[in-house]
Amino acid sequence: MSFARRAATVLAAATALTVGLAIPALAHVTIQPGTAEQGGFTKVAFRVPNERDDASTTKIEVSFPVDHPLAFVSVKPLPGWEVKVTQGKLPKPVKTEYGDLEEAVTKVVWSGGKINPGEFQEFEVSMGQLPKDTDSLVFPTKQTYSKGEVVDWSDAPKTDGTEAEHPAPTLKLVPASGADEHGMASAPASAAPAAAAPSVTPVAATSASDGTARLLGGAGLVVGVIGVVIGALGLRRRPAA
């Protein structure tokens, strides 16, 4: 095999390795934080990354559960985005400590803004009272791109534990520990006010930086491998003294 053919083989293998390293860095639409206490109220953010290089995300549609409806839902205004909250009649009334719930929020849609390639956005929602008779809430989400493509993040978790192709954002619910009369977790008296409801934005920035660092580190490893292989091929081609 000639040196040129050997070099081409090395480059092809390196390219495949680079793609393999980049795949885990791709992000899905998720809910942050991913865990809340049963019976309480919580603030979450639907974290939406733009996964296209040639289009922007222009619309996000989040469906809320009707089998375990939430009596109280409010959204945080986001500059540049319009929000529409839709309430609908439930298939059957749900008993709560505030009475029978016959209607609840079934959908929240953000539109009019733009998430450019290489960027992400967080859409914050305050909601409750979280149910006590289930260990998770699923929020199927549709992501619309500027070229008309719609990605449906609604796949249920797989039974074997592996991740689905388009997993739906899922909020895990855990038993309450030390809740007050409103179902909110009690904070220590010495804790600062901000500690009770931390902003999710710094967490998002850290996550994005970590993914980029891992991708660049993987790319550096591939370049190193290419250099070693090409150097070895060069030594083999050097005539003996």
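Let me begin by describing the structure that accompanies this report. (Residues numbered from 1 in each chain as written. Predicted model: local features only at pLDDT ≥ 70, side-chain atom pairs only at ≥ 80, totals over all residues. Heavy atoms only, no water.)

1. Focus: the overall build of the protein
To keep it simple, the criterion reads: Going along the chain from the N terminus, every DSSP run of H or I of four or more residues is numbered as a helix, and every run of E of two or more is numbered as a strand. Any two residues whose heavy atoms approach within 4.5 Å are treated as being in contact. Each accessible area value is a Shrake-Rupley result obtained with a 1.4 Å probe; residue values ignore everything except the protein chains displayed when judging cover.
Regarding its fold elements, the protein presents three helices and twelve strands. Look at the contacts in the protein between residues 6 or more apart in sequence, and 74% of them connect residues 24 or more apart. When the accessible area of the protein is evaluated, it comes to approximately 14400 Å², of which 58% is carbon and sulfur surface.

2. Considerations on the environment of Leu101
We count it as follows: Per-residue accessibility, obtained with a 1.4 Å probe over protein chains only, is compared with the maximum for each type, and a residue is labelled buried under 20%, exposed over 50%, and partly exposed between these values.
Locating Leu101 in the fold gives a position in strand E7 (residues 99–115). With relative accessibility at 13%, the residue Leu101 sits in the buried group. For the pair Leu101 and Lys89, spaced twelve residues apart in sequence, the C-alpha separation works out to 9.2 Å. Setting aside chain neighbours within four positions, we find Leu101 in contact with Pro69, Leu70, Ala71, Leu90, Lys92, Pro93, Val94 and Thr96.

3. Focus on the sheet that holds strand E2 (residues 35–37)
Note the cut-off: One bridge is not enough; two strands pair if DSSP finds at least two bridges between them. Between the N-to-C directions of two axes lies an angle of 0 to 180 degrees, each axis being a line fitted to C-alpha atoms and, for a helix, fitted only over the stretch in contact.
Spatially, the three strands line up as an open sheet ordered E2-E12-E9, and their pairing is mixed. Two strands lie at the open edges of the sheet, namely E2 and strand E9 (136–138), each paired on one side alone. Between one strand and the next, the sheet's axes are offset by a mean angle of 30°, whatever the strand orientation. Bridge count for E9 against strand E12 (residues 170–174) is three bridges, and the pairing is antiparallel. Bridge assignment links Leu137 to a residue of E12, and that residue is Leu171.

4. Observations regarding the pairing of E12
In E12, alternate side chains face the same way, and those of Leu171 and Leu173 are buried while those of Thr170, Lys172 and Val174 on the opposite face are not. In this sheet, E12 lies alongside E2 in parallel orientation, the contact comprising three bridges. Following the sheet pairing, Glu37 is matched in E12 by Val174.

5. A short note on the pattern of salt bridges
Threshold: We define a salt bridge as a side-chain nitrogen of Lys or Arg found within 4 Å of a carboxyl oxygen belonging to Asp or Glu.
If you walk through the whole model with that rule in mind, you get seven salt bridges. Among the ionic pairs, Lys43 bridges to Glu124, the shortest N-O distance being 3.4 Å. Here the residue Lys43 occupies a position in strand E3 (residues 42–49), and Glu124 occupies one in strand E8 (residues 120–128), the gap between them amounting to 81 residues. Lys43 sits in the partly exposed class, given a relative accessible area of 30%. Assessed through its relative accessible area of 13%, Glu124 is described here as buried.

6. Concerning the nonpolar core
Heads up, the rule is: Nonpolar core, defined: a set of buried Ala, Val, Leu, Ile, Met, Phe, Trp, Tyr and Cys residues in which side-chain atoms within 4.5 Å join the residues together.
If you look at the biggest cluster of nonpolar residues, it comprises 28 residues, and the most contacted ones within it are Phe46, Phe64, Trp110, Phe123, Met127, Phe139 and Leu171. Broken down by element, this core gets its largest block of residues, four residues, from E7. Setting aside anything within four residues of it in sequence, one finds Trp110 in contact with Phe46, Thr58, Lys59, Ile60, Val62, Val75, Trp81, Glu82, Val83, Phe123, Glu124 and Val125.

7. Re the sheet that holds strand E10 (residues 141–145)
The five strands are arranged E6-E7-E4-E10-E11 in an open sheet whose pairing can be described as antiparallel. Here the strands that pair on one side only, and so sit at the sheet edges, are strand E6 (82–96) and strand E11 (150–153). Adjacent strand axes in the sheet meet at a mean angle of 15°, parallel and antiparallel pairs treated alike. With eleven bridges connecting them, E6 and E7 associate as antiparallel partners. Counterpart to Val94 in the pairing with E7 is Leu101.

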